[in-house]
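Summary of the model geometry
For reference, the chains in residue letters:
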Amino acid sequence: MFTKKREKNYSNEILARKVDQLSERQLSVIIAHVLASALFLIVSWDVVPRPKLIVFFILVLTISGGVRLFFYYLYTKQEKLTLQPITWARGFTVISFLSGLLWGVTPFWFLMPEAPLHMVYVLLILVGLSASALAASAPYFPAYLAFVFPVMGLLTIKLLFFTNEDMVLLGVLGVIFTVFNIYYGRTQSYFNQQWLLLGYENLELVDTLKLQKERAEKASRAKSRFLAAASHDLR
């Protein structure tokens, strides 16, 4: 209860720092998604219908690249001063969700059991993106959930219910992987929260000590003046 009260005192400042952490990771996220989409394009070129593949590639570049980059640009150009941290946090979360949803539909569009090697490539790309999102979005946990749920959730549904029986085990492994990553991400987010809280409490402690020092010095000067005046009156 005491910890919750302490966190509430700095909730806005902590959220602002979390959004800063998200922003610092956006360029690496964009690069990861562009590379993943390029790799996906290469491994799928001779397997899936090319018009659909090109449309998907353009959508990834637009949402995971262009929209995310534009939002990052607004944030870094001091536009953040005009909006509350929660607004920016929700913005990053919405972009993560749209990006996750786009990648999440790939199993339904492109995953074909009759092309096992291509299926392995697709699974590795999706799992890799989900794992990298853990490092990129863990500072603000809702942003991570907004990405990983549609990606791994739709992939697991596809493997469990819309493929042959041989794929069910992969679906179960997908569930285990997702649960483990969510648990690890939640733990990482908690420790980040405590680290930020400790930083603000240390700043408050330093300010308090400075104030007490100034008061002590002021009292000491007043005492010295009083003693000097009293000594002068006695003489």
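Keep in mind that what you see is a predicted model, and the values were worked out from it rather than measured.

Things to note about the confidence of the model for the chain
Where the model shows low pLDDT, its predicted coordinates should not be examined in detail. Averaged over all residues, the pLDDT of the chain equals 81, while 78% of them reach at least 70. Considering each helix and strand of the chain separately, the mean pLDDT is smallest for helix H1 (residues 2-9), with a value of 51, and largest for helix H4 (residues 85-104), with 92.

Remarks on helix H6 (residues 116-137)
With 22 residues, H6 extends 31 Å from end C-alpha to end C-alpha; this agrees with the ideal 32 Å at 1.5 Å per step. Taken together, the buried positions of H6 are His118, Met119, Val122, Leu123, Ile125, Leu126, Leu129, Ser130, Ala133, Leu134, Ala136 and Ser137.

Let's talk about the packing of helix H2 (residues 11-44) against H6
Here H2 crosses H6 at 180°, and the two axes come no closer than 10 Å. When the axis of H2 is compared with that of H6, the two are roughly antiparallel. Residues Leu22, Arg25, Val29, Ala32, His33, Ala36, Leu39, Phe40, Val43 and Ser44 of H2 form the contact with H6, whose own contacting residues are His118, Tyr121, Val122, Ile125, Leu129, Ala135, Ala136 and Ser137. For the contact of H2 with H6, the residue count by class is 13 nonpolar, 4 polar and 1 charged.

Thoughts on the packing of aromatic side chains
In this structure the tally under the stated criterion is 14 aromatic pairs. Judged by centre distance (6.2 Å) and plane angle (90°), the ring pair of Phe40 and Trp103 falls under edge-to-face. Taken together, the residues Phe40 in helix H2 and Trp103 in helix H4 connect sequence positions 63 residues apart. With a relative accessible area of 0%, Trp103 lands in the buried category. Judged by centre distance (6.4 Å) and plane angle (85°), the rings of Phe56 and Trp109 are edge-to-face. Of the two residues, Phe56 is situated in helix H3 (residues 50-76) and Trp109 in helix H5 (residues 106-110); the sequence distance between them amounts to 53 residues. Relative accessible area serves as the criterion here: at 37%, Trp109 is assigned to the partly exposed category. Ring pairing ties together the aromatic residues Phe40, Phe56, Trp103, Trp109 and Phe110, which thus form one cluster. One Lys or Arg, Arg186, reaches over the ring of Phe141 and ends 5.9 Å from the middle of that ring.

Regarding the pattern of salt bridges
Working definition: two side chains of opposite charge can pair if their charged atoms are close together. One pass over the structure, following the stated rule, counts 2 salt bridges. In this structure, Arg17 and Glu24 form a salt bridge, with 3.6 Å as the shortest nitrogen-oxygen distance. Arg17 sits in the partly exposed class, given a relative accessible area of 25%. Residue classification places Glu24 among the exposed positions, given a relative accessible area of 55%. The salt bridge partner of Asp46 is Arg50, with a shortest N-O separation of 2.8 Å. Overall, Arg50 belongs to the partly exposed group, its relative accessible area being 37%.

Observations regarding a nonpolar patch on the surface
Taken together, the side chains of Val55, Leu59, Phe108, Trp109, Ile157, Phe161 and Phe162 present a nonpolar region at the surface, about 690 Å² in accessible area. Secondary structure elements with two or more residues in the nonpolar patch: H3, H5 and helix H7 (141-161). Position of Ile157 relative to the elements: it lies in helix H7.

Quick notes on the nonpolar core
In terms of nonpolar packing, the biggest core is built from 31 residues, with Phe40, Phe56, Trp103, Tyr144 and Leu155 touching the most fellow members. Only H2, H3, H4, H6 and H7 provide two or more residues apiece to this core. Ranked by residue count, the leading element in this core is H7, at 9 residues. Dropping the residues within four chain positions of it, Phe56 is found in contact with Phe40, Leu102, Trp103, Thr106, Trp109 and Phe110. Within the second largest apolar cluster, 11 residues are counted, among which are Phe71, Tyr75, Phe92 and Ile95.

Notes on the packing of H6 against H7
Each pair of packed helices can be described by the angle between their axes along with the distance between the axes. For the pair H6 and H7, the least separation of the axes is 9 Å and the interaxial angle reads 165°. It follows that H6 is roughly antiparallel to H7 by the angle criterion. When you trace H6 past H7, the crossing you get is left-handed. Of the residues in H7, those in contact with Leu123, Leu126, Val127, Leu129, Ser130, Ala133, Leu134 and Ser137 of H6 are Phe141, Ala143, Tyr144, Phe147, Val148, Val151, Met152, Leu155 and Leu159. Class assignment for the residues of the contact of H6 with H7 results in 15 nonpolar, 2 polar and no charged.

Focus: the side chain of Ser64
Checked against the element boundaries, Ser64 lands in helix H3. Among the polar contacts listed, one links the side chain of Ser64 to the side chain of His33, at a separation of 3.4 Å. A polar atom in the side chain of Ser64 sits 2.6 Å from the side chain of Ser99. Leave out the neighbours within four places in its chain, and Ser64 touches Ile30, His33, Leu59, Ser99 and Trp103.

Cut-offs applied
- Residues numbered from 1 in each chain as written.
- Predicted model: local features only at pLDDT ≥ 70, side-chain atom pairs only at ≥ 80, totals over all residues.
- Heavy atoms only, no water.
- pLDDT = per-residue confidence, 0-100.
- Helix = DSSP H or I, 4+ residues; strand = E, 2+ residues; numbered from the N terminus.
- Expected span 1.5 Å × (residues − 1).
- Buried < 20%, exposed > 50% of the residue type's maximum accessible area, 1.4 Å probe, protein only.
- Axes fitted to C-alpha atoms, helices over the stretch in contact; angles between N-to-C directions.
- Parallel < 35°, antiparallel > 145°, perpendicular 65-115°, else oblique.
- Contact = heavy atoms within 4.5 Å.
- Nonpolar A, V, L, I, M, F, W, Y, C, P; charged D, E, K, R; others polar.
- Phe/Tyr/Trp six-rings, centres within 6.5 Å; stacked < 30°, edge-to-face > 60°.
- Lys NZ or Arg CZ within 6 Å of the ring centre and 35° of its normal.
- Salt bridge = Lys/Arg side-chain N within 4 Å of Asp/Glu carboxyl O.
- Patch = residues over 30% accessible without salt bridge, like charges linked within 9 Å, V, L, I, M, F, W, Y side chains within 5 Å.
- Areas by Shrake-Rupley, 256 points an atom, 1.4 Å probe, with all protein chains shown as cover.
- Core = buried A, V, L, I, M, F, W, Y, C linked by side-chain atoms within 4.5 Å.
- Left-handed = near helix turned anticlockwise from the far one by under 90°.
- Polar contact = N/O pair within 3.5 Å; in protein donor to acceptor, adjacent residues only side chain to side chain.

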